[in-house]
Amino acid sequence: MTLVQKVMEAGVIGAGGAGFPTHVKLAGEVDTVIVNGAECEPLLYGDQSIMENRAGDIVAGLRRVTHSISEKRGAQVRSVIGVKGKYKAAITAFKSAIKPNENIEILELPNVYPAGDEQFLLFEATGRIVPEGGIPLMIGAMVMNVGTLAQVNEALNGRPVTSRLVTLGGAVEKPLIADIPIGTPFSEIVPKLGPKMDDYVFLINGPMMGRIGTDPAEVTTKTMGGLFILPKDHSHVRRLSRKLTTEIRLGKSACEVCRYCTDYCPRYLQGHAIEPHKIMRVINYDRDLDTKTITSAWLCCECGVCDLFACPMALSPRVFFREFKRKLKDAGIKNPHNRSELEPDQMRSMRGTPVSRLVTRLGLSEYDIRPELDPNPWSVSKVVIKLDTHIGAPAKPVVVIGAKVARGDLIGKIPEGSMGAIYHASITGTVTSVLEKSVTIERNGR
Ligand code: SF4
Ligand code: SF4
């Protein structure tokens, strides 16, 4: 079996958040592989933990990947590990995992948000800019998250993805970093953390790119790196929970058209044709009603810099871009922006968002504490494994109600002729529900 097949069979998808199927990425032809160890989303510590404790696995995975690509292209591939300079322990771990004669570079990144955005990282490592609406493979580069590479290494040793490290914190007695079976309901996690209040909500993934949830039946996924419990009346919760109608009303009454949102937008700074202040003029004054401003929504990566850091009036161009993106998708209008001859803005290197200021601005400093790593594997009574948490077609269930499964057994396969990902049982037990896009397994199910 080839490396690509083994990774596909193990169900590896991008652990950094987007969930792109890793076997599809690995089939690309590139001259540079960049390891993403930036972990820039505030409050998350899982990648730092993986780098410190499993640098050997990450480097082993990287070696196998670059060896396979180098063989295919007949020339050596450049390997760069991008890691924030402040992650000293991770850098030390990488330095001892890399052999003396090995050609693997370590690139120390500034402590800014979004240093972990693959387009930001790629520019830092190579000076190349991803075309508008494009992906790194289009300019001969591959960016892989540290967690994904550790999973690739597991895959090559025959172990599928059945769990992942999740940072668990917020207003709780016992924050943790824990290796949790995929599909664990939040209701099984909460008692282990001990919320400090009754009236709380969930912040899923992180404060910048994440979202607020209230349902304890929600479950962890292959792409979920953080779960935080926050008081329901916390300012950041209220901010992320605002209705679209409220955003429109606030935008109309408070936008000064100062264009700070544009000046700090990471995509604008890369030279892409996106100017968030113009979407505000569309909403507020029916100005700039040209197609370009509307379709520039496709170029927004929803990083949150414009609304959660740059805007002095706490307005949200991001929400409007998200809404336009949804409407364009519904109308079947694809991204028309594809310029590839791009120049970064001359202020780019000075406009990264300092993470400590960002955390203060979000009102989350008291929760920005690195939790202990739970050394014990978690035993949960039930998992609901979603089969559509990757980019591509949802996986097709291959089990029936009542089937006995062991951890690691195949439960969902890629539909014929589609791009997708495979899913495995994350606990040993009995299948108690099979829906189009999920499989439930109970440890003591009948
Ligand atoms: S930063 Fe805020 S106030 Fe200024 S243009 Fe953008 S949305 Fe309007
Ligand atoms: S969320 Fe805002 S800052 Fe981020 S890419 Fe979109 S418009 Fe730019």
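Please refer to the structure placed before this passage.
Residue positions within a chain follow its written sequence, with the count starting from 1. Each chain is given a letter, starting from A, and each ligand a number, starting from 1, according to the order in which they appear as written. Only residues with pLDDT of 70 or above have their local features reported here, since the model is predicted, and side-chain atom pairs are shown and tallied only from 80 upward, although totals for entire chains, interfaces and linings are computed over all residues. Side-chain measures were taken over the full set of non-hydrogen atoms in the model, leaving aside hydrogen atoms and water.

(A) Quick look at helix α15 (residues 317-330). The numbering of helices and of strands both runs from the N terminus, where a helix is a DSSP run of H or I of at least 4 residues and a strand a run of E of at least 2. In this analysis, the expected span of each helix is defined as 1.5 Å times one less than the number of residues it contains. The end-to-end C-alpha separation of α15 is 20 Å, in line with the 20 Å expected for 14 residues at 1.5 Å each. We call a residue buried when its accessible area falls under 20% of the maximum for its residue type, exposed when it is over 50%, and partly exposed in between, using a 1.4 Å probe and counting protein chains only. Three or more residues of α15 are buried, namely Pro317, Arg318, Val319, Phe320, Phe321, Glu323, Phe324, Lys325 and Leu328. Throughout, a residue-residue contact means that at least one pair of heavy atoms, one from each residue, lies within 4.5 Å. In this structure, the buried side of α15 is in contact with α8 (235-240), α9 (244-254), α10 (260-264), α12 (276-285), α13 (291-295) and α14 (305-310). Once α15 ends, the next one or two residues include Gly332, with phi positive near 70 degrees.

(B) Structural detail: the pattern of salt bridges. Salt bridges are defined by distance alone: a side-chain nitrogen of Lys or Arg within 4 Å of a carboxyl oxygen of Asp or Glu. Taken as a whole and assessed by the stated rule, the structure comprises 21 salt bridges. For Asp263, the salt bridge goes to Arg259, with nearest N and O atoms at 3.1 Å. Note that Arg318 and Asp307 form a salt bridge whose closest N and O atoms lie 3.1 Å from each other. Linking Arg318 in helix α15 with Asp307 in helix α14, this pair joins segments that are 11 residues apart in sequence. Comparing Arg318 with Asp307, the two get one shared label, buried. Shared partners join several salt bridges into a network, and the residues in it are Arg54, Asp57, Glu154 and Arg159.

(C) Quick look at unusual backbone geometry. A cis amide bond, omega 0 degrees, links Tyr113 with the succeeding residue Pro114. Checked against the element boundaries, Pro114 lands in the loop between β4 (112-113) and α5 (118-126). The phi torsion at Glu39 lies on the positive side, around 30 degrees, for a residue other than glycine. Assignment of secondary structure puts Glu39 in the loop between β1 (32-37) and α3 (46-73). A positive phi angle is found at Arg259, which is not glycine, with a value near 70 degrees. Within the secondary structure, Arg259 is located in the loop between α9 and α10. Residue classification places Arg259 among the partly exposed positions, given a relative accessible area of 25%.

(D) Quick look at the site of ligand 1. Proximity is defined per residue: if any heavy atom of the residue lies within 4 Å of a molecule or strand, that residue is considered near it. Around ligand 1 sit Cys255, Glu256, Val257, Cys258, Arg259, Tyr260, Cys261, His277, Met280, Cys311, Pro312 and Met313, and that is every residue in its neighbourhood. Among the elements of the structure, α10 and α12 are those that each provide at least two residues to the shell around ligand 1. Looking at the shell around ligand 1 residue by residue, the class counts come to 9 nonpolar, 1 polar and 2 charged. Each residue gets one of three labels, nonpolar for Ala, Val, Leu, Ile, Met, Phe, Trp, Tyr, Cys and Pro, charged for Asp, Glu, Lys and Arg, and polar for the others, Gly among them.

(E) Up close: the packing of aromatic side chains. Only rings of Phe, Tyr and Trp enter the pairing, Trp through its six-membered ring, and a pair is recorded when the two centres are within 6.5 Å. The plane angle decides the type: under 30 degrees is stacked, over 60 is edge-to-face, the rest tilted. Per the counting criterion, the structure on display carries 3 aromatic pairs. Where Tyr200 meets Phe202, the ring centres are 5.8 Å apart and the plane angle is 70 degrees; that geometry is what we call edge-to-face. Classification of Tyr200 as partly exposed rests on a relative accessible area of 25%. Classification of Phe202 by relative accessible area gives buried; the value is 1%. Aromatic pair Tyr264 and Phe309: ring centres 6.0 Å apart, planes at 70 degrees, arrangement edge-to-face. With Tyr264 in helix α10 and Phe309 in helix α14, this pair connects stretches of sequence that are 45 residues apart. On the basis of relative accessibility, which here comes to 26%, the residue Tyr264 falls in the partly exposed class.

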